[in-house]
Amino acid sequence: MSDIRLHPDWLAALRPEFDSDYMATLTAFLAEERRAGPVFPAPADWFRALDLTPPDRVRVVILGQDPYHGDGQAHGLSFSVPPGVKPPPSLANIFREMESDLGIPRAPHGTLDHWAQQGVLLLNSVLTVRRGAAASHQKRGWEQFTDAIIRHVAAEPRPIVFILWGAYAQRKAGFVEAAGGGRHCIIRSAHPSPLAARNGFFGSRPFSRANAFLVAHGQPPIDWALPPV
């Protein structure tokens with residue numbers, strides 16, 4: 001992956017992962033997938049979440065599962081889409097909950113760079129996907145890599161908020177708690193997808209809860225309102 005952009009602080013922290021056998025296997029798999037057809041997001045965006053949110057700036061982690069697999073949707077941040085792309089249903093539900101929680105009107109776009117630049121690590125567990133084939137790159141090595149990222153963040157001495165939506169993300173809570181020694185805030189709820197949002201996502205107030213924790217620990221709140229793009 002020598003042609004991939006990655007923030008140097010993350011590169012140093014994750015060097016053992018890049019030098020591992022599983023990463024060599026994953027790299028070969030991705031090369032074959034790209035020869036066979038489109039892979040999303042573009043390679044330059046595989047580590048975009050890390051580029052926008054270096055390790056010393058992480059204050060909140062929002063963990064997704066796979067990138068969007070439709071044309072033009074994925075750009076390296078969980079739940080986010082590039083400018084000009086209609087927010088998918090899960091993101092639309094996130095905005096609906098944000099409006100209910102904070103009174104912030106629903107954003108006219110779905111680009112979450114503003115959150116990432118404030119220290120919200122928008123990390124998917126799997127960083128690539130084959131076009132039109134959800135979950136096609138699961139269990140190929142990405143999960144081991146992103147687990148290493150989560151463990152690194154959880155080992156930070158400062159208190160951090162982990163927002164875990166849905167059962168898949170919540171499986172990461174155990175090693176967050178183990179690495180963090182109880183100093184972090186873990187916010188759990190149902191996933192914002194249309195199939196699950198009414199089962200505990202709506203009304204969970206993750207944004208105000210995250211900000212209350214940050215303020216209580218001497219940090220500024222996240223400005224969740226998205227500016228125009």
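The following refers to the structure shown. None of these values were measured; they are calculated from a predicted model.

Calculation rules
- Residues numbered from 1 in each chain as written.
- Predicted model: local features only at pLDDT ≥ 70, side-chain atom pairs only at ≥ 80, totals over all residues.
- Heavy atoms only, no water.
- Helix = DSSP H or I, 4+ residues; strand = E, 2+ residues; numbered from the N terminus.
- Rg over C-alpha atoms; globule rule 2.2 N^0.38 Å.
- Buried < 20%, exposed > 50% of the residue type's maximum accessible area, 1.4 Å probe, protein only.
- Contact = heavy atoms within 4.5 Å.
- Areas by Shrake-Rupley, 256 points an atom, 1.4 Å probe, with all protein chains shown as cover.
- Lys, Arg positive; Asp, Glu negative; His and termini not counted.
- Charge placed at Lys NZ, Arg CZ, Asp CG, Glu CD.
- Salt bridge = Lys/Arg side-chain N within 4 Å of Asp/Glu carboxyl O.
- Pairing = 2+ DSSP bridges.
- Axes fitted to C-alpha atoms, helices over the stretch in contact; angles between N-to-C directions.

### Some words on the overall build of the protein
Part 1: Helices and strands together make up the secondary structure of the protein, namely 10 helices and six strands.
Part 2: Relative to its length of 229 residues, the protein is compact, with a C-alpha radius of gyration of 17 Å against a globular reference of 17 Å.
Part 3: Expressed along its principal axes, the backbone C-alpha trace of the protein runs to roughly 45 × 40 × 30 Å.
Part 4: Considering the protein as a whole, with its 229 residues, one finds that 56% of them fall into the buried category.
Part 5: For the protein, restricting intrachain contacts to residue pairs at least 6 apart in sequence, the fraction spanning at least 24 positions comes to 73%.
Part 6: On the protein, roughly 10000 Å² of surface is accessible, and the fraction owed to carbon and sulfur atoms is 53%.
Part 7: The averaged location of the 21 negative side-chain charges in the protein is 6 Å from the averaged location of its 23 positive side-chain charges.

### Some thoughts on the pattern of salt bridges
Part 1: This structure, assessed with the given rule, holds 10 salt bridges.
Part 2: A salt bridge links R131 to D71; the nearest nitrogen and oxygen atoms lie 2.9 Å apart. With R131 in the loop between β4 (129–130) and α7 (142–154) and D71 in the loop between β2 (60–64) and α5 (89–102), the pair connects residues that are 60 residues apart, well separated along the chain.
Part 3: R131 sits in the partly exposed class, given a relative accessible area of 44%.
Part 4: With a shortest N-O distance of 2.9 Å, E156 and R158 are connected by a salt bridge.
Part 5: For E156, a relative accessible area of 17% translates into the label buried.

### Digging into the sheet that holds β2
Note: strands within a sheet are paired through backbone hydrogen bonds, in either parallel or antiparallel orientation.
Part 1: The strand order across the open sheet formed by four strands is β3-β2-β5-β6, and the pairing between neighbours is parallel. On the outer flanks of this sheet lie β3 (120–124) and β6 (185–189), each paired with one strand and no other. Strand-to-strand twist across the sheet, computed as the mean angle between neighbouring axes with direction ignored, equals 20°.
Part 2: Sheet topology places β2 next to strand β5 (residues 161–165); four bridges connect them, and they run parallel. Counted as the bridge partner of L63 is L164 from β5.
Part 3: Running at roughly 170° to β6, helix α9 (residues 173–180) makes contact with β5 and β6 of the sheet.

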